[in-house]
Amino acid sequence: MASYKINVNQKVYNLKADPDVPLVWILRDYVGLKGTKFGCGIATCGACTVHLNGKPVRSCQLRISAVPANAEFTTIEGIGEKSLHAIQRAWNELQVPQCGYCQSGQIMSAVALLKKSPDPSDEEIDAAMNGNLCRCGTYDRIRKAIHLAAKLENNLQSSIKK
Amino acid sequence: MSVPTIKTGRRDFLKTSGLATLGLLIGLDAEAKPKNLSRSKAIPSDIEINTFILIRPDNSITIINPRPCMGQGTIQSVPAMIAEELEIDLASVKIIQSDGKRKYGAQTSGGSTSIRNLWLPLRKAGAATKEMLVRAAANRWNIAIDLCYASNAKVFRKDTNASLTYGELVEDASKLDMPTEPILKKKHEFKILGKTTKRSDLAERTTGKAVYGLDVEVPGMVYACILHSPMIFGKLISFDDSETKKIPGVLHVLRCERAMIYRTTDSVAVIASNWWAAKKGRDVLKATWDHSGLDKTLHNEEYFGRCYKAAQSEGIRFEESNDFSAKFNAATQKLDVSYETPFLSHVPTEPENATAHVKPDGTVELWAPLQGPGETLEEVSKYLGIPTVKIKIHVVLMGGSFGRKAYMDFIKEACFLSNKIKLPVKVIWTREDHIRQGPYRPGMVSHMQGFVEEGKIVGYHHHVIGESILGQVFQGLEDDQPEPWIGGEASVQTNKYRFKEAHKVSWTNVKTEIPIMWWRSVNASNLGWGQECFIDELAHLAGKDPLQARMEIIEDERFRKVLNTLAEKTNYDQKLPEGSGRGIAIVNSFGSTVACSITVSKFGTGVKIDKAVAVIDCGMYVNADTVKAQTEGNIIMGITAAIKPGIVFKNGVCQQSNYDNYPIMRISEAPEIEVFVMENEEAPGGVGEAGLPPVAPALGNAIFAATGVRVRKLPVNIGDVNSR
Ligand code: FES
Ligand code: FES
């Protein structure tokens, strides 16, 4: 057991854990944030996607001892805390989730995509979202919802400028 | 919307609902007739009364949902049927998930039955409740009933427009008799049913707040990771836990068991203070197994070998019109081919997990993602030898299921372990456990024979070959008995096609030890492949367009309309560009009919899937958007089942283990999808499964149209359609 300090959603947590515990279990069972899901444990499903300094990573692959000192994590609980993110609004608008279990990961990947590319093409969407599996088969809606979110964001941006 | 689980009995229900004063409490009796329970002296914890609706004096309304949600939306669609007739806004209703107690009646989400079976009983309960409230208002105002109407949880009087809320009326209404034949709305009067409604439960699934089985946390709970035999049914000889015990956090290493429905297998459980420690402990556990014989019996090649051998002989006759064999032998234009579907894993994104607490006082609490709280309650009671009244089930959300979470092995594992150590135990399977341990959709072979005369398909024989769920799992099939579950679309009686000369259905049970179970749409997904590709082959043999050839042998107007709509929506008459091909298929299952069209284009030595269109006729339905979402999901799962690897056992061991070697479709491979829902006033059909069976054959037929290659064995490698 060793002591660790991690910053999640702009809060610092101190915890004791074995060095090789993957971040997904640290977040869920040590920090108590259960929105991040476990699906495969080998970086193939994306259910565990969180942001590390704004970039999507698979939290099942990052051991607590390997977390960089400057790391700031964002989980689904940190997205749209005050008001829903455009991605979440678009997800609701187009009723994307079925069981919803994959959707934390989908949303984390989609939020990161929009930040990098405010109006992504279908190809960019496919590339950015390809690591996130959805057994319920919501892909077509995910694609449409990302386009919608881009529109919602752009409208917001232009109305702010005005 | 929060979904707590209801407590037992009316008193508890009232308590759960925070009720101080009695309200109006409506249930269904054993014949699914509405009953007024408000005045009932007997607390309805007795078995024959289902409580479903509670309206309190403060005008708050609670509805019980007896069908667990695995993503198919029952959490909204089931209460919607009550809300429609009761004239209330669904958004303002508190919805509580039932807990398996018999008073809620059948509670399994499965077989696409939720809407089909509850459509009339729940609407009647809603309508009868509304009529009581209207009568109470009319009495209060001392006017005729037909001068009053209900809307938005209020009763209005037509003359003055004055109104009373339901809450203001519950006390009076609770003293009235329940109308036995309440008047149900006509379809054109529906405000909720048949419309596109947002699912209010989806919001919490976009913020990480929804609680799935995996997220359950109980004070004092410990975690278990279980070592199952690498050859599923191996007998445990011994194990060495010296390395396991060195791992910090590991608390116990126990012999455990996996109680499948028809047999129990050995396992070893590692229990730890956190799941990662349990998993690490499991990974270094050394166990010796007796695997004798399993290398031969858990072996795909051996099984399919016997299936193909069976295709060469007569099966057990299921049904036959005229003498098929004589006519087939005499026919000049005929085909005799076999189709194959693989074993498949369910792979819901949430793996199996369950949390159980068998307490020292002999009571049990259970939290699990499960499809059937009723069956689980009975089964757990039998398994532990503890009466059902002492068991409390909390139904939590399923992160997908597709049939898997109706199988209670993982729930019993948690019960077994908690019973040993009397602490709350949470069992979590890894993805590898899920894929390697099964159960699976059975792999099957369809031996097809058919003939055409004068350009028309007139003779057809479907010989269904493979393992039977009824036989293997429920031990309910005699050797000389045809599998009754192959009925449905495969049956001569109910098949939509009418074959003028002869129609035969037969069955051979080829047994296997590879464990099988329901998988979304059950046998319809195996049988649809053979049927709909073969009809295509016969159409080409007859020199006909596949749509036209089908139309010639379908009499029923409802089926014809579905196909005509598909043709219209896909501009069927328009020629596709060179190198593109379109395939269609139509399958009736679970009370609904779905026709699917898939277009592909040549891409190197293979094809690319461009677009999928489905038309679903499910009669009257609850939520148009849910019907579409389920059908979209079925298209993705159906294509995955056709083009991605199946489950292969070799010398006793499952060759697949995780998504790296058992991939499912990703977004970059997902085609554009369009779904159209037929409008009519027929009784509701199933929605969760019916969309899947026509997908694979539509794809197979499209591949043929684009490339001339006839695929008969799934999965097909669409990157190179000639590869086998
Ligand atoms: S759990 Fe991390 S990618 Fe699947
Ligand atoms: S919504 Fe169920 S896995 Fe994606």
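Coordinates for the structure precede this section.
Conventions adopted
- Residues numbered from 1 in each chain as written.
- Chains lettered and ligands numbered in written order.
- Predicted model: local features only at pLDDT ≥ 70, side-chain atom pairs only at ≥ 80, totals over all residues.
- Heavy atoms only, no water.
- Helix = DSSP H or I, 4+ residues; strand = E, 2+ residues; numbered from the N terminus.
- Buried < 20%, exposed > 50% of the residue type's maximum accessible area, 1.4 Å probe, protein only.
- Contact = heavy atoms within 4.5 Å.
- Areas by Shrake-Rupley, 256 points an atom, 1.4 Å probe, with all protein chains shown as cover.
- Lys, Arg positive; Asp, Glu negative; His and termini not counted.
- Charge placed at Lys NZ, Arg CZ, Asp CG, Glu CD.
- Salt bridge = Lys/Arg side-chain N within 4 Å of Asp/Glu carboxyl O.
- Axes fitted to C-alpha atoms, helices over the stretch in contact; angles between N-to-C directions.
- Parallel < 35°, antiparallel > 145°, perpendicular 65-115°, else oblique.
- Left-handed = near helix turned anticlockwise from the far one by under 90°.
- Nonpolar A, V, L, I, M, F, W, Y, C, P; charged D, E, K, R; others polar.
- Pairing = 2+ DSSP bridges.
- Core = buried A, V, L, I, M, F, W, Y, C linked by side-chain atoms within 4.5 Å.
- Polar contact = N/O pair within 3.5 Å; in protein donor to acceptor, adjacent residues only side chain to side chain.
- Phe/Tyr/Trp six-rings, centres within 6.5 Å; stacked < 30°, edge-to-face > 60°.
- Lys NZ or Arg CZ within 6 Å of the ring centre and 35° of its normal.
- Expected span 1.5 Å × (residues − 1).
- Patch = residues over 30% accessible without salt bridge, like charges linked within 9 Å, V, L, I, M, F, W, Y side chains within 5 Å.

Draft legend 1. A look at the overall build of chain A. Each helix and strand in chain A was counted, giving five helices and five strands. Projected onto the principal axes, the alpha-carbon positions of chain A cover approximately 50 × 40 × 25 Å. Per-residue burial over chain A gives 59% buried out of 162 residues. Taking all contacts inside chain A whose residues are at least 6 apart in sequence as the whole, residues at least 24 apart take part in 54%. Roughly 6600 Å² of accessible area belongs to chain A as shown, and the carbon and sulfur atoms make up 51% of that amount. Charge centroids of chain A, computed over 20 positive and 14 negative side chains, lie 4 Å from each other.

Draft legend 2. How the structure looks around the pattern of salt bridges. For the structure shown, the criterion picks out 56 salt bridges over all chains. Here Asp20(A) ties to Lys280(B) by a salt bridge, and the two come within 2.8 Å at their closest N and O atoms. Of this pair, Asp20(A) sits in the loop between β2 (11-17) and α1 (23-31) while Lys280(B) sits in helix α6 (residues 275-283), each in a different chain. By relative accessible area, which is 23% here, Lys280(B) ends up partly exposed. In this structure, Glu350(B) and Lys405(B) form a salt bridge, with 2.8 Å as the shortest nitrogen-oxygen distance. Of this pair, Glu350(B) sits in the loop between β15 (333-341) and β16 (353-358) while Lys405(B) sits in the loop between β18 (391-396) and α11 (409-421), and the two are 55 residues apart along the sequence.

Draft legend 3. Representation of the packing of helix α18 (residues 624-643) of chain B against helix α19 (residues 695-707) of chain B within the structure. Residue and element names in this part refer to chain B. The contact between α18 and α19 brings their axes to 8 Å, and the two run at 60 degrees. Between α18 and α19, the angle is such that the two are oblique. Crossing handedness for the pair α18 and α19: right-handed. Every residue of α19 that contacts α18 at Asn634, Ile635, Gly638, Ile639, Ala642 and Ile643 is listed here: Val695, Ala696 and Leu699. For the contact of α18 with α19, a count of residues per class yields seven nonpolar, two polar and no charged.

Draft legend 4. Region of the structure containing the sheet that holds strand β3 (residues 49-52) of chain A. Residues and elements named next belong to chain A. One open sheet holds the five strands; their spatial order is β2-β1-β5-β3-β4, and the pairing between them is mixed. Each edge of the sheet is formed by a strand with only one pairing partner; in this case those strands are β2 and β4 (55-58). Ignoring which end each strand starts from, the neighbouring axes of this sheet average 40 degrees apart. Pairing geometry for β3 and strand β5 (residues 72-74), over two bridges, is antiparallel. Residue pairing in the sheet places Leu52 in a bridge with Phe73 of β5. Along the sheet, α1 makes contact with β1 (2-8), β2, β3 and β5, crossing β2 at roughly 100 degrees. Across the sheet, helix α3 (residues 103-116) touches β3, β4 and β5, and the angle it forms with β3 is around 35 degrees.

Draft legend 5. The arrangement of the nonpolar core in detail. Counting 195 residues, the largest nonpolar core has Ile6(A), Ile146(A) and Ile598(B) as the members making the most contacts within it. The dominant element in this core, judged by the number of residues it contributes, is α18(B), at nine residues. When sequence neighbours within four positions are dropped, the list of residues in contact with Ile146(A) reads Ile87(A), Trp91(A), Ala110(A), Leu113(A), Leu114(A), Pro120(A), Ile125(A) and Met129(A). If you look at the next biggest cluster of nonpolar residues, it comprises 50 residues, including Ile88(B), Ile115(B), Tyr166(B) and Val170(B).

Draft legend 6. Representation of the side chain of Gln630(B). Locating Gln630(B) in the fold gives a position in helix α18. Taking the relative accessible area as the measure of exposure, Gln630(B) reaches 5% and is therefore buried. One polar contact links Gln630(B) to Arg520(B), side chain to side chain, over a distance of 3.0 Å. Those residues within four positions of Gln630(B) in sequence are excluded, and the remaining contacts are Gln98(A), Gly71(B), Gln72(B), Arg520(B), Val687(B) and Gly688(B).

Draft legend 7. Structural view of the packing of aromatic side chains. Residues and elements named next belong to chain B. The final tally for this structure, using the stated rule, is 19 aromatic pairs over all chains. On the basis of an interplanar angle of 85 degrees and a centroid distance of 6.1 Å, the ring pair of Trp119 and Phe190 is categorised as edge-to-face. Note that Trp119 is positioned in helix α3 (residues 114-141) and Phe190 in the loop between α4 (166-173) and β9 (222-228), a separation of 71 residues in sequence. For the residue pair Trp119 and Phe190, the accessibility class agrees, reading buried in each case. Aromatic side chains Tyr303 and Phe343 sit 5.3 Å apart centroid to centroid with 55 degrees between the ring planes, which places their arrangement in the tilted category. With a gap of 40 residues between them, Tyr303 in helix α8 (residues 300-311) and Phe343 in the loop between β15 and β16 connect regions that are remote in the sequence. For the pair shown, Tyr303 and Phe343 are each scored as buried. These aromatic residues form a ring-pair network of at least three members: Tyr460, Tyr497, Phe499 and Phe534. Directly above the ring of Phe328 sits Lys334, whose terminal nitrogen or CZ lies 5.0 Å from the centroid.

Draft legend 8. Focus on helix α10 (residues 373-384) of chain B. All names here are of chain B. Taking 1.5 Å as the rise per residue, α10 with twelve residues should run 16 Å; its terminal C-alpha atoms sit 16 Å apart, in good agreement. For α10, every residue scored as buried is listed here: Pro373, Gly374, Thr376, Leu377, Val380, Ser381 and Leu384. Elements that come into contact with the buried residues of α10 comprise β16, β17 (364-369), β18 and α11. A positive phi of about 65 degrees marks Gly385, the residue just after α10.

Draft legend 9. The arrangement of a nonpolar patch on the surface in detail. Together, Ile261(B), Phe474(B) and Trp485(B) make up an exposed nonpolar region whose accessible area comes to about 260 Å². Its place among the elements puts Phe474(B) in the loop between α13 (469-472) and α14 (487-490).

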